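Given next are the chains, with one letter for each unit.
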Amino acid sequence: MTDTQKLLESRPASVAMLFQDRVAATPDRVAFQYPVAPASGEGPDEWRDLSWAGSAERVYGIAAGLMDLGVQAEERVAVAAATSVDWILSDLGILCAGAANTTVYPTTNAEETAFILADSGSRVLIAEDGVQLAKVRDQRASLPELRNVVVIKAEDAVAAEGDPDGFVLSLAQLEERGAAYLEKNPDSVKDRIAALRADQLATLIYTSGTTGRPKGVRLPHDCWSYMGRAIEAIQLLKTDDVQYLWLPLAHVFGKVLTAGHISTGHVMAVDGRIDKIIENLPIVKPTKMCGVPRIYEKVYNGVAAKARAGGGAKYKIFQWAAAVAREYAKVTQDNYVKTGKRSAPTGLAMKHAVADRLVYAKLREAFGGRMEGCVSGSAALSPEIGYFFAGAGIPILEGYGLTESSAASFVNRIEDFRVGTVGKPLPGCEVRIADDGEILLRGPGIMQGYHGLPEQSAEVLEADGWFHTGDIGELSADGFLRITDRKKDLIKTSGGKYIAPTEVEGQFKAICPYVGSIVVIGANRNFCTALISLDEQALLGWAKESGLDGRPYPELVAADETRAMIEAYVKQLNEGLQRWQTIKAFRVLPRDLDVEHGELTPSLKLKRPVVERQFKDLIDEMYEGAVAK
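Thresholds, definitions, all that
Residues numbered from 1 in each chain as written. Predicted model: local features only at pLDDT ≥ 70, side-chain atom pairs only at ≥ 80, totals over all residues. Heavy atoms only, no water. Pairing = 2+ DSSP bridges. Helix = DSSP H or I, 4+ residues; strand = E, 2+ residues; numbered from the N terminus. Axes fitted to C-alpha atoms, helices over the stretch in contact; angles between N-to-C directions. Contact = heavy atoms within 4.5 Å. 1 Å grid on protein atoms, 1.4 Å probe; cavity = no way out; pocket = protein on both sides within 12 Å on 5 of 7 lines; lining within 4 Å. Points joined across faces, edges and corners; volume = space filled by probe spheres on them. Nonpolar A, V, L, I, M, F, W, Y, C, P; charged D, E, K, R; others polar. Disulfide = S-S within 2.5 Å. Buried < 20%, exposed > 50% of the residue type's maximum accessible area, 1.4 Å probe, protein only. Core = buried A, V, L, I, M, F, W, Y, C linked by side-chain atoms within 4.5 Å. Expected span 1.5 Å × (residues − 1). Polar contact = N/O pair within 3.5 Å; in protein donor to acceptor, adjacent residues only side chain to side chain. Lys, Arg positive; Asp, Glu negative; His and termini not counted. Salt bridge = Lys/Arg side-chain N within 4 Å of Asp/Glu carboxyl O. Parallel < 35°, antiparallel > 145°, perpendicular 65-115°, else oblique. Left-handed = near helix turned anticlockwise from the far one by under 90°. Phe/Tyr/Trp six-rings, centres within 6.5 Å; stacked < 30°, edge-to-face > 60°. Lys NZ or Arg CZ within 6 Å of the ring centre and 35° of its normal.

Engineer: Give a description of the sheet that holds strand 25 (residues 528-534) that names residues and reports values.
Structural biologist: Within the open sheet, the three strands sit side by side as 24-25-26. Their pairing is mixed. Sheet topology places strand 24 (515-521) and strand 26 (583-588) at the edges, where each strand pairs with a single neighbour. Strand-to-strand twist in this sheet, taken as the mean axis angle between neighbours without regard to direction, amounts to 25 degrees. Set on the sheet, helix 22 (residues 616-623) makes contact with strand 24, strand 25 and strand 26; between it and strand 25 the angle comes to about 140 degrees.

Engineer: An account of empty space enclosed by the protein is requested, with residue identities and associated values reported.
Structural biologist: One pass over the structure, following the stated rule, counts four cavities of 30 Å³ or more. Size it by volume and the largest cavity reaches roughly 60 Å³. Taken together, Tyr 226, Met 227, Ser 405, Ala 408, Ser 409, Cys 429, Arg 442, Gly 443, Pro 444, Gly 445 and Ile 446 form the lining of the largest cavity. In the lining of the largest cavity, the residues fall into six nonpolar, four polar and one charged. In this model, the second largest cavity occupies a volume close to 50 Å³. Lining the second largest cavity we find Leu 381, Ser 382, Pro 383, Gly 386, Ile 396, Glu 398, Asn 412, Phe 417, Arg 418, Val 419, Gly 420 and Thr 421. Those elements that place two or more of their residues in the lining of the second largest cavity are helix 15 (383-391) and strand 14 (396-400). Tallied by class, residues from the lining of the second largest cavity come to five nonpolar, five polar and two charged.

Engineer: Account for the state of the cysteines, with residues named and values stated.
Structural biologist: What the rule picks out here adds up to zero disulfides. Among the cysteines around Cys 374, which has no disulfide bond, Cys 290 carries the closest sulfur, lying 7.9 Å off. With a relative accessible area of 0%, Cys 374 lands in the buried category. For the unlinked cysteine Cys 429, the closest cysteine sulfur is that of Cys 223, found at 11 Å. Looking at Cys 429, the relative accessible area reads 16%, which means it is buried.

Engineer: Tell me what's going on with the nonpolar core, and back it up with residues and numbers.
Structural biologist: As a rule of thumb, soluble globular proteins bury nonpolar side chains together. One finds Phe 19, Phe 367, Phe 389, Phe 508, Ile 532 and Ile 566 to be the most contacted residues of the largest nonpolar core, which totals 162 residues. Counting residues per element, this core draws most heavily on helix 3 (residues 52-68), which supplies nine residues. Those residues in contact with Phe 389, other than ones at most four positions away along the chain, are Tyr 296, Val 299, Tyr 300, Leu 363, Phe 367, Ile 394, Pro 395 and Ile 396. Listed in part, the 19 residues of the second largest apolar core include Ala 100, Leu 117, Leu 146 and Leu 201.

Engineer: How would you summarise unusual backbone geometry if you had to cite specific residues and measurements?
Structural biologist: A positive phi angle, close to 60 degrees, is found at Ser 406, a residue other than glycine. Residue position: Ser 406 is located in the loop between strand 14 and strand 15 (410-411). Positioned with a positive phi, Ala 407 is a non-glycine residue whose angle comes to about 85 degrees. Mapped onto the elements of the fold, Ala 407 is located in the loop between strand 14 and strand 15.

Engineer: Residue-level account of the sheet that holds strand 14, with values.
Structural biologist: Ordered by their spatial adjacency, nine strands build an open sheet running 2-1-11-10-12-13-14-15-16, and the pairing between neighbours is mixed. Unpaired on one side and paired on the other, strand 2 (46-51) and strand 16 (424-425) mark the two borders of the sheet. With two bridges joining them, strand 15 and strand 16 adopt antiparallel strand pairing. Pairing of Val 411 across the sheet is with Lys 424, part of strand 16. Packing against the sheet, helix 10 (residues 252-264) makes contact with strand 1 (30-36), strand 10 (242-245), strand 11 (267-270), strand 12 (288-291) and strand 13 (373-376), and its axis sits at approximately 150 degrees to strand 11.

Engineer: For the side chain of Gln 333, give the residues involved together with the corresponding values.
Structural biologist: Structurally, Gln 333 is set in helix 13 (residues 312-339). When residues no more than four places from it in sequence are discounted, the contact partners of Gln 333 are Arg 342, Tyr 387, Phe 417, Arg 418 and Val 419.

Engineer: Help me get a handle on helix 7 (residues 171-184), residues and values and all.
Structural biologist: Counted at 1.5 Å a residue, the expected span for helix 7 with its 14 residues is 20 Å, and the 20 Å between its end C-alpha atoms agrees. Buried residues in helix 7 make contact with helix 3, helix 4 (85-96), strand 6 (148-151) and strand 7 (168-170).

Engineer: Report on the environment of Arg 76, specifying residues and quantitative values.
Structural biologist: Along the chain, the position of Arg 76 falls in strand 3 (residues 76-80). Measuring from C-alpha to C-alpha, the distance between Arg 76 and Ile 94 comes to 8.5 Å, with 18 residues separating the pair along the chain. Apart from the residues lying within four places of it in its own chain, the contact partners of Arg 76 are Ala 100, Thr 102, Ser 120, Gly 121, Ser 122, Arg 123, Val 124, Leu 201, Leu 204 and His 451. Of note is the side chain of Arg 76, whose polar atom sits 2.7 Å from the backbone oxygen of Ser 120.

Engineer: Give a detailed account of the side chain of Arg 192, specifying residues and quantitative values.
Structural biologist: The topology assignment puts Arg 192 in helix 8 (residues 188-195). The buried charged residue Arg 192 lacks any salt bridge partner; its closest oppositely charged side chain belongs to Glu 75, at an N-O distance of 7.6 Å. One polar contact links the side chain of Arg 192 to the main-chain carbonyl oxygen of Ala 97, over a distance of 2.6 Å.

Engineer: I'd like to hear about the packing of helix 17 (residues 501-511) against helix 20 (residues 560-575), residue by residue, with values.
Structural biologist: With their axes 10 Å apart at the nearest point, helix 17 and helix 20 run at an angle of 125 degrees to one another. Classed by the angle they form, the pair helix 17 and helix 20 counts as oblique. At the point where helix 17 passes helix 20, the crossing takes the right-handed sense. In this structure, helix 17 contributes Val 504, Gln 507, Phe 508 and Ile 511 to the contact, and helix 20 contributes Ile 566, Tyr 569, Val 570, Gln 572 and Leu 573.

Engineer: Got a sec to walk through the packing of aromatic side chains? Specific residues and values, please.
Structural biologist: On inspection of all chains with the given rule, the structure shows 13 aromatic pairs. With a centroid separation of 6.1 Å and 75 degrees between ring planes, the pair formed by Phe 19 and Tyr 60 is classed as edge-to-face. In this pair, Phe 19 sits in helix 2 (residues 15-25) while Tyr 60 sits in helix 3, placing the two residues 41 residues apart along the sequence. Clustering of aromatic rings is evident, with ring pairs tying together Tyr 296, Tyr 300, Phe 318, Phe 367, Phe 388 and Phe 389. When the ring centre of Phe 586 is taken as reference, the NZ or CZ atom of Arg 563 above it lies at 4.3 Å.

Structure below.
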């Protein structure tokens, strides 16, 4: 039996037990770093440390507090809050109480929040603030099973005023109740943890869904215990790492990272404010960070825009360095596949060294100076973006998984990554490619099914455990998986040609530094078109250089000069496509796509049907009376 097999087979029944073991093994090590705003409200945040022992004190207090509220094993406790240390400690408290966490995005509207709470049968809601509290307070009559709301921000918890029945209390009050409960029942939490079964429900994650009503994905304790050990086994995260976590914890990608954190015991710096990422990285100096492609695209576009703003010479140097980075990454990757060594010819290596001093070193400093690699998941990363970062010394390790597979089924390894693929399967995960190209998965990370939906569960889960992902892919002889598209997202033109829109979209994002989003249209049409939105900051920078400075964003996106600029990039894109893939017409959208308008999921995945409904008039306009050339 290998060390990996031993590690996986010896895993405890639950992540609560994993946490208990971690605290016992390294009580004094730093578990978390988190920002605290200065008391004056001015100046930079102060970053504080929390040890594993200190974390345990709070976690067990939350667990006991929930037990004091009457929460029983496998009953649901929902969390609606942004990413923070309090979110993670609340989640662990729920699990240590033997309950199951129902995750709710804080951006979810009141109607859908109520649906998730009702569908899951949640008894308690841990809410970030008064905004989240308000979503359920007005609908309390329709949520008879919801007994309490615990508000993380104490100033927004009004238990003493307006809640005579004690419906609302603060997280601090819950922990105080827990401490008192533990004084009377000192072994209560330990007993709940000891009683946990591997197949017991741990988490209900409602898929934000690119179509239809969200479904509750049932993930048992063994999913997280397995994921923690598997991440440790492949050393994706190591004990001496400092990981920067900003991803939404209501999403499975963020959630699985907490399991890896507990298993390896590294330092986790937590701040869910996306607008603080650039500011925080040089302070935290992480060695690892996980994100979604949109973040890496924005970083790349931001660097390109900054270089362009520095004048023609600087921009030419950047363009040259970017081309060298891509060439270097491609050549060294090809050589690694052939020989096992990431080598490059002398001439290319010398050019790369010069580009490193001029461009790449500054980029690495912006990431904190210690970044060994980033992980990308949730959607497809453009290979050209991947090659750029790999060549610049910050490899982006693309991975693959779904909510239904606990997020991490495949991932590239730092020592063996291949741009354009999602890597090899995690140990313990089986993969099969069906006759139609669909990826099937089986293993300890696969869900039990959809909550209360046996028919829909049976549609994707076979009796022998194989899960139908709905994604199309190809598996190389040495085990690397390449995702070609979503089965349902493949476009079939009226001429019978199949097109993978994400492939075309990814290529455009790699060549156009001003794009926010691009949506390729063409299903049942005789040619392809595109809706293109522009990143506001990047576009304003371009406007300044192009004699359009001072114009507001809405005016800029409608300008003839902007259209001509985008048209040039579309022409460049088309030169690298097959004839039937080319974009024959496009429209620049009046704003970027976003979560607020429902066009992106909270994890920033594109909701194609929503976009096509929202901008139906523009799509019809592109096809009206048009004939493909």
